[in-house]
Amino acid sequence: MSFDALQPGNPIMSNEHTSSRELLGWLWRGYLRQYMGLLGIAVIFMLVEGATMGALGYMMQPMFDLVFVAGNTTALFWVSLAFLAIFSLRGISSVTQKVLLSKVSQTSAAGLRKDMLARLIRQDPSFHQSHAPGLLLQRVQSDVGAINAVWQAMITGAGRDLVALIAVLSVAVSIDWRWTAILLIGVPGLLLPISLLQKYVRRRASEARDLGATLATRLDEIFHGIVPIKLNSLEEYQLKRFSDHTDNFVKAEVKSAFGTSAISGMTDIMAGVGFMAVLLYGGSEIIAGEKSVGQFMSFFTSIGLSFEPMRRLANISGIWQAAAAALERIKALMDAPILLTSPENPKPAPKGLPGIHLKDVNLNYGEAEILRGLTLDAEAGKTTALVGASGAGKSTIFNLLTRMVDPQVGTVQINDTSVADLATKDLRGMFSVVTQEGLLFDETLRENIVLGRTDVSDEALAKALEDSHVADFLEKLPDGLETLVGPRGSALSGGQRQRVVIARALLRDTPVLLLDEATSALDAQSEKVVQQALDSLAGGRTTLVIAHRLSTVRNADKIIVMERGQVADQGTHQELIERGGIYADLYRLQFQDGKTLLDPKGIAAQLPTAQAQVQTAQSGWFRRLLTRIMS
């Protein structure tokens, strides 16, 4: 069935920024804290790796003063051994912490994706009407991937790079604190430009995330609509739209990359100015003999080793701003309330064949009034048909019964129990639904029928295949029940897909059957076979049928005629014909003269000869029908 769009609110596209502290706290509490043990071990090895940077800088002084200048051969052996130990320790620490971080990062990212899907899959249809699939795919895949890489960089920076920077600067200070102070003299001047760049990066990154979601949405719509695109020669049009979005996305990504790179670039310029000042000041002291060559080389090496961790640490602020844009959207997505939930103390599901009752139901979608004081009853074990023009509210009734939406006013009951008082799983377990779409998953035919159930016996499956007429074409498939049906069942015909859906419904064996235009898109031959399967499925069940083809509902126990969200008339087919009114006018319009008809969807069908007894149109019936429609 088709779900009408509800309110358009889009919480994950908000322009309001969440503070970095709040975002980090949410990420830590939900997905990182449980890995504290592994993170602690990884941080220890990061500290060791960072400390080796300081040790390398420190060993430069004895290497130059004791070995190269003094020529001490004993010192040569111990200095060489020290370098071997430092590099070995550095290599072991690097491998260990990277493996541990990879495990934590991948596991936590997988957990976040699972939680996001669990949250999204429980949202009501109104949420999915206002959030395009491509956008949600972008959030679950790309945004989580971006955050995963960033927090790993942040932990690495906070662990290895920060310790390395402290270690090498400590060596530099131990050699000459004045040289170190001169080197860092330009740091205060970077604070304001970096702060401005961070805000710039966050804006541009936020823009890029939104454009990335738009691209994903465009691709999703193009691939799902590839047939109408080809039939209407829209290839160039769709390509141009996608190209325009791609160009805008590239511009946003380049601007974001510029901001991030500018932060590290300013750090390099500051370091270059500071090092020039140290060289001018310290070089004169070496020439004067106040400092040794070994001291300067140790200082020079330590400062050289500090550039890379300093650049990575500076980059983190820019990278974080880019990740924050993705993270705040994910957080908003996870915080979006689930409007339709099971009651805390649900009532037991009704037993046996239930009756269905709607009383004084009002339902609005935004400002659009869909149902207006609707009251109707569908008797247990009988077939009730809903007919009327598109937009009369027929599919909305199915949505109310399965609690895809709740009414603003009125009650919806199964027997004497409100659907809002039943556990959602129990409620939906009472219904089997067959729609005109016949949606299948890109899995095997067997899986599309059993839907993950493990309690289906071979006998029950065989009977469902026979009664649904799936067995009629099963032998023609290359791998039988193990044949892959393709994306959305594209490897099967429309009639075959409908029969698979009916087989699925037969296996569910629920007390209530909902049929929404189940044969409207089929050719005459397929319709006949599917109708036979539907007749078998409807036996012994409470059945509600939505139909535009009135020929399919003439034998219903009761036909309810809907108009503008209300019940305009009801009764059996014969009663409605004899009484006149909307149904009789619609019936005569479809079956005029007892010959070929063209139904509202433009599908030609032949009427049985028995229909010739239908009264021919009177001179004023068409005028009355037009008057009703125009009113």
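Residues numbered from 1 in each chain as written. Predicted model: local features only at pLDDT ≥ 70, side-chain atom pairs only at ≥ 80, totals over all residues. Heavy atoms only, no water.

*Asks:* Describe the overall build of the protein chain, and please don't skip the residues or the numbers.
*Replies:* In terms of helices and strands, the protein chain carries 20 helices and twelve strands. Counting only residues that meet the buried cut, the protein chain has 46% of its 631 residues in that class. Here the analysis covers contacts within the protein chain between residues at least 6 apart in sequence; of these, 80% occur between residues at least 24 apart. For the protein chain, the computed accessible surface area is about 31,400 Å², with 59% contributed by carbon and sulfur atoms. (Helix = DSSP H or I, 4+ residues; strand = E, 2+ residues; numbered from the N terminus. Buried < 20%, exposed > 50% of the residue type's maximum accessible area, 1.4 Å probe, protein only. Contact = heavy atoms within 4.5 Å. Areas by Shrake-Rupley, 256 points an atom, 1.4 Å probe, with all protein chains shown as cover.)

*Asks:* Just give me the short version of the packing of aromatic side chains, but keep the residues and values in it.
*Replies:* According to the stated counting rule, one finds five aromatic pairs in the structure shown. Aromatic pair W179 and F299: ring centres 5.1 Å apart, planes at 80°, arrangement edge-to-face. Of this pair, W179 sits in helix α6 (residues 177-183) while F299 is found in helix α10 (residues 293-335), placing the two residues 120 residues apart along the sequence. Arranged with centres 6.4 Å apart and planes meeting at 90°, the rings of Y200 and F258 form a pair that is edge-to-face. Here F258 lies in helix α9 (residues 235-287) and Y200 lies in helix α7 (residues 191-224), a separation of 58 residues in the sequence. Among the residues examined, F258 registers a relative accessible area of 54% and is labelled exposed. (Phe/Tyr/Trp six-rings, centres within 6.5 Å; stacked < 30°, edge-to-face > 60°.)

*Asks:* How would you explain the confidence of the model for the protein chain if you had to name every residue and give the values?
*Replies:* Across the protein chain, the average pLDDT comes to 80, with 89% of residues at or above 70. For the protein chain, strand β12 (residues 604-605) is the element with the lowest average pLDDT, namely 34, and strand β4 (residues 409-414) is the one with the highest, namely 93. Below a pLDDT of 50 lies the segment residues 1-15, which in the model reaches 47 contacts outside its immediate sequence neighbourhood of four places, other chains included. In this model, residues 593-631 is a region of pLDDT below 50 whose contacts with residues beyond four sequence positions or in other chains number 45 contacts. (pLDDT = per-residue confidence, 0-100.)

*Asks:* Run through the sheet that holds strand β9 (residues 558-563), naming residues and quoting values.
*Replies:* Ordered by their spatial adjacency, six strands build an open sheet running β6-β7-β8-β3-β9-β10, and the pairing between neighbours is mixed. Only two strands of the sheet have a single neighbouring strand rather than two, namely β6 (431-435) and β10 (566-571). Taken pair by pair, the neighbouring strands of this sheet meet at an average axis angle of 20°, ignoring direction. In the packing of helix α17 (residues 524-538) onto the sheet, the strands contacted are β6, β7 (512-516) and β8 (542-546), and the crossing angle to β7 comes to about 155°. (Pairing = 2+ DSSP bridges. Axes fitted to C-alpha atoms, helices over the stretch in contact; angles between N-to-C directions.)

*Asks:* Can you explain the sheet that holds strand β5 (residues 417-418)? Please cite residues and give values.
*Replies:* Spatial strand order, β2-β1-β4-β5: four strands in an open sheet with antiparallel pairing. What marks the edges here is a single partner per strand, and that holds for β2 (368-378) and β5. Here five bridges tie strand β1 (residues 356-365) to β4, and the two strands are oriented antiparallel to one another. Residue pairing for β4: K359 is matched across the bridge by T411. Each of β1, β2 and β4 touches helix α11 (residues 394-401); the most contacted strand, β1, lies at about 110° to it.

*Asks:* An account of the packing of helix α14 (residues 458-467) against helix α16 (residues 494-508) is needed here, citing residue identities and associated values.
*Replies:* Relative orientation of the contacting elements α14 and α16 amounts to 135°, with a least axis distance of 9 Å. The angle between the axes of α14 and α16 places the two elements in the oblique class. For the crossing formed where α14 meets α16, the hand is right-handed. Within the contact between the two elements, α14 uses A460, L461, A464 and D467 and α16 uses A503, L506 and L507. Of the residues that constitute the contact of α14 with α16, the class distribution is six nonpolar, no polar and one charged. (Parallel < 35°, antiparallel > 145°, perpendicular 65-115°, else oblique. Left-handed = near helix turned anticlockwise from the far one by under 90°. Nonpolar A, V, L, I, M, F, W, Y, C, P; charged D, E, K, R; others polar.)

*Asks:* Before we move on, can you summarise the pattern of salt bridges with the specific residues and values?
*Replies:* Inspection of every chain in the model, using the stated rule, returns 16 salt bridges. Between D406 and R403 there is a salt bridge, with the nearest N and O atoms lying 3.0 Å from each other. Owing to a relative accessible area of 25%, D406 belongs among the partly exposed residues under this scheme. Across the salt bridge formed by R453 and D455, the nearest N and O atoms sit 3.1 Å from each other. What makes D455 exposed here is its relative accessible area of 56%. (Salt bridge = Lys/Arg side-chain N within 4 Å of Asp/Glu carboxyl O.)

*Asks:* Lay out the nonpolar core in plain terms, naming residues and giving numbers.
*Replies:* Within the largest apolar cluster, 47 residues are counted, with the highest numbers of intra-cluster contacts made by V434, L445, I449 and Y583. Broken down by element, this core gets its largest block of residues, seven residues, from α16. Ignoring sequence-local partners within four residues, the contact set of I449 consists of L461, L465, L481, V500, A503, R504 and L507. Listed in part, the 30 residues of the second largest apolar core include I356, L422, F431 and V512. (Core = buried A, V, L, I, M, F, W, Y, C linked by side-chain atoms within 4.5 Å.)

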